[in-house]
Each structure stands twice: as C-alpha cells, then as structure tokens.
Amino acid sequence: MTFMNNTANIKQFQLIKFINENCNDDHVISKISIVLRRDKIEAPYYIITKIRLSSCIDKPDNGVIHAMDILNHVRRHNLTENTYNEIKSLIMDSDYEPELVQISKKDDNLKMVLMSRNDNEFIALFKNYHELFDKIDNLVD
C-alpha cells in the first residue's frame, strides 16, 4: 500500500512540465482548468483542477491524421479560507493573454482555463503562471 500512497501524491504541474520537457513532439496540446468553489456547507472552500494533454500529427491539407491523449487528470482539494484567497488573488491579479487564458467569475466560483497548442505556448504558460502552479502543487504533501 505504500506504493499507492506515494503515487497519489504526484505534483500535477511538475508532472506535465516533465512530460513536455521530455516529449519529442512539438505539437502537444494542453488544456488546464482550475475551478475555485465556495458553495458547499461541509467543505466551503475547494479547488478542482483538470489537466488534459494530447498529441496530434496533422497535415495542413488533410486535417488531423492522428491524435492521442497523453494525460487526462482531475484532482480535488479542500482548502482553508486563507489558501482559497491566496489562489484566488494569484488568478485575479494575473496578466493574461485572452488567446491562451480565459477567466470567468460567478458568485460561488472562479474558473481559469489555460490552453496551449504548441511547445512555445506551453513554455510561456509555465513561465507566466509558475507561482500559481507551485501553490497548487504544494497542496499535496
């Protein structure tokens, strides 16, 4: 059972960065969704992260000829009010490019979606949002 406990504590953003840095494919598409919620009575502050990495080989004249899911990962954390507010501030105070990042806010949740279509965009997301990603990764012991 020790093995299972250790594998469950993988730091998700470090993992996808490792995959990207060690993948020979320049056409890895990523979609990262971070949702902060505060609408449940038993767990008033929590976060849901969804990460999807895919690889595509395409031809401009023939469209996509091969697509493969590399990773599809979802993680949920209960948060303290302070941690919730810290992550919320990191999201709200970020300078983002609307082409790569979308932020939407409702009364009970805040959603940030980050997308990259190639290696350069992926590297830029990690450069610009490393503090947010580190904060979320550090929720795991």
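Check the entry above for the structure.
Only a predicted model underlies this, so the values are computations on that prediction, with no experimental measurement involved. (Residues numbered from 1 in each chain as written. Predicted model: local features only at pLDDT ≥ 70, side-chain atom pairs only at ≥ 80, totals over all residues. Heavy atoms only, no water.)

## What about the overall build of the protein chain?
1) Next: Within the protein chain, the regular secondary structure consists of 4 helices and 5 strands.
2) Next: Element order for the protein chain, N to C, with α for helix and β for strand: α-α-β-β-β-α-β-β-α.
3) Next: Looking at the protein chain as a whole, 35% of its 141 residues are labelled buried.
4) Next: Long-range contacts, defined as pairs at least 24 residues apart, comprise 60% of the intrachain contacts of the protein chain with a sequence gap of at least 6.
5) Next: Put simply, the protein chain shows about 9,000 Å² of open surface, and 48% of that area lies on carbon and sulfur atoms. (Helix = DSSP H or I, 4+ residues; strand = E, 2+ residues; numbered from the N terminus. Buried < 20%, exposed > 50% of the residue type's maximum accessible area, 1.4 Å probe, protein only. Contact = heavy atoms within 4.5 Å. Areas by Shrake-Rupley, 256 points an atom, 1.4 Å probe, with all protein chains shown as cover.)

## Details of the nonpolar core
1) Next: In terms of nonpolar packing, the biggest core is built from 26 residues, with Phe13, Ile16, Ile34, Leu114 and Phe133 touching the most fellow members.
2) Next: For this core, the secondary-structure elements that each account for two or more residues are helix H2 (12-21), strand S1 (28-37), strand S2 (46-59), helix H3 (81-92), strand S5 (109-116) and helix H4 (119-137).
3) Next: If one sorts the elements of this core by residue count, H4 sits on top with 7 residues.
4) Next: In contact with Leu114, not counting residues within four places along its chain, are Ser30, Lys31, Ile32, Ile34, Leu100, Val101, Leu125, Tyr129 and Phe133. (Core = buried A, V, L, I, M, F, W, Y, C linked by side-chain atoms within 4.5 Å.)

## Thoughts on the pattern of salt bridges
1) Next: Scanning the model with the defined rule gives 3 salt bridges in all.
2) Next: Taking the shortest distance from any N to any O, the salt bridge between Glu86 and Lys135 comes out at 2.3 Å. Of the two residues, Glu86 sits in helix H3 while Lys135 sits in helix H4, which places them 49 residues apart along the sequence.
3) Next: For Glu86, a relative accessible area of 38% gives the class partly exposed.
4) Next: Where Glu121 meets Arg117, a salt bridge forms, and the shortest distance between an N and an O atom there is 3.0 Å. (Salt bridge = Lys/Arg side-chain N within 4 Å of Asp/Glu carboxyl O.)

## Focus on H2
1) Next: Looking at H2, one finds that the buried residues are Gln12, Phe13, Ile16 and Asn20. Across the axial projection of H2, the buried residues extend over an arc of 100°, all falling on one side. Residues of H2 that are exposed and point more than 90 degrees away from the buried face comprise Phe18 and Glu21. (Arc of directions from axis to C-beta.)

## Description of the packing of H3 against H4
1) Next: The N-to-C vectors of H3 and H4 enclose an angle of 160°; their axes lie 9 Å apart at closest approach. Between H3 and H4, the interaxial angle falls into the category roughly antiparallel. H4 is crossed by H3, and the crossing has left-handed handedness. Taken together, the residues of H4 that come into contact with H3 (itself represented by Thr83, Glu86, Ile87, Leu90 and Ile91) are Glu131, Leu132, Lys135 and Ile136. (Axes fitted to C-alpha atoms, helices over the stretch in contact; angles between N-to-C directions. Parallel < 35°, antiparallel > 145°, perpendicular 65-115°, else oblique. Left-handed = near helix turned anticlockwise from the far one by under 90°.)

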